[in-house]
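Examination of the molecular architecture
What follows is the residue order along each chain.
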Amino acid sequence: MEENRTDKAVLFKGIKILIFSVLSLFMGPILLSFAFSKPESPYYLPLLIIGCAVCAMAVFMIFKGLKTIMSSMFKK
């Protein structure tokens, strides 16, 4: 009979993804606040684009990390 056990390698991979997403969750709003602090700066548009991309990437990485952790616990 097959025993359902957590795959630890996949679990740690999911935890790494979640740690990276938490760092992105802080970095995105920081970049956006730098961009909105001086809209007349020549760096306004690049900071705005990078900040939005980092925020979107953080949300995507959260879902990917949670999916990876769930697949390590509940194998298909």
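Above this text is the structure in question.
Now for a quick tour of the structure.

Rules used throughout
- Residues numbered from 1 in each chain as written.
- Predicted model: local features only at pLDDT ≥ 70, side-chain atom pairs only at ≥ 80, totals over all residues.
- Heavy atoms only, no water.
- Helix = DSSP H or I, 4+ residues; strand = E, 2+ residues; numbered from the N terminus.
- Buried < 20%, exposed > 50% of the residue type's maximum accessible area, 1.4 Å probe, protein only.
- Contact = heavy atoms within 4.5 Å.
- Areas by Shrake-Rupley, 256 points an atom, 1.4 Å probe, with all protein chains shown as cover.
- Lys, Arg positive; Asp, Glu negative; His and termini not counted.
- Charge placed at Lys NZ, Arg CZ, Asp CG, Glu CD.
- Polar contact = N/O pair within 3.5 Å; in protein donor to acceptor, adjacent residues only side chain to side chain.
- Expected span 1.5 Å × (residues − 1).
- Patch = residues over 30% accessible without salt bridge, like charges linked within 9 Å, V, L, I, M, F, W, Y side chains within 5 Å.
- Salt bridge = Lys/Arg side-chain N within 4 Å of Asp/Glu carboxyl O.
- Axes fitted to C-alpha atoms, helices over the stretch in contact; angles between N-to-C directions.
- Parallel < 35°, antiparallel > 145°, perpendicular 65-115°, else oblique.
- Left-handed = near helix turned anticlockwise from the far one by under 90°.
- Nonpolar A, V, L, I, M, F, W, Y, C, P; charged D, E, K, R; others polar.

1. So, the overall build of the chain
What the chain contains, in helices and strands, is 2 helices and 0 strands. For the chain, the C-alpha atoms occupy an extent of roughly 65 × 15 × 10 Å along the three principal directions. Burial status across the chain gives 24% buried among its 76 residues. Within the chain, counting contacts between residues at least 6 apart in sequence, those at least 24 apart form 70% of the total. If you sum the accessible surface of the chain, you get close to 6000 Å²; carbon and sulfur atoms cover 74% of it. Across the chain, the mean location of the 9 positive side-chain charges is 3 Å away from that of the 4 negative side-chain charges.

2. Examining the side chain of Ser72
For Ser72, the location among the structural elements is in helix 2 (residues 44-73). For Ser72, the side chain forms a polar contact with the main-chain oxygen of Ile69, separated by 2.7 Å. Sequence-distant contacts of Ser72, that is, excluding residues within four places in its chain, are made with Arg5, Thr6, Asp7, Val10 and Leu11.

3. Some points on helix 2
When the terminal C-alpha atoms of helix 2 are compared, their 44 Å separation across 30 residues agrees well with the 44 Å that a helix rising 1.5 Å per residue should span. Where helix 2 is concerned, the buried positions are Leu48, Gly51, Val54, Ala58, Met61, Gly65, Thr68, Ile69 and Ser72. Residues of helix 2 that are buried sit in contact with helix 1 (8-37).

4. Quick notes on the environment of Phe26
Note that Phe26 resides in helix 1. For Phe26, a relative accessible area of 58% corresponds to the exposed category. Sequence separation between Phe26 and Val10 is 16 residues; the distance between their C-alpha atoms is 25 Å.

5. Comments concerning a nonpolar patch on the surface
Residues Val22, Leu25, Phe26, Met27, Ile30 and Phe34 make up a contiguous nonpolar surface patch of about 580 Å² in total accessible area. Note on placement: Ile30 falls in helix 1. Accessibility expressed as a relative area gives 39% for Ile30, which makes it partly exposed.

6. Remarks on the environment of Ser71
Along the chain, Ser71 turns up in helix 2. Residues Ser71 and Val10 lie 61 residues apart in sequence; the distance between their C-alpha atoms is 8.0 Å.

7. Some thoughts on the packing of helix 1 against helix 2
Viewed as axis vectors pointing N to C, helix 1 and helix 2 meet at an angle of 160°, and their least axial separation amounts to 7 Å. With respect to helix 2, the element helix 1 is oriented roughly antiparallel. Crossing of helix 1 against helix 2: the hand is left-handed. A breakdown of the residues in the contact of helix 1 with helix 2 according to their chemical character gives 28 nonpolar, 9 polar and 1 charged.

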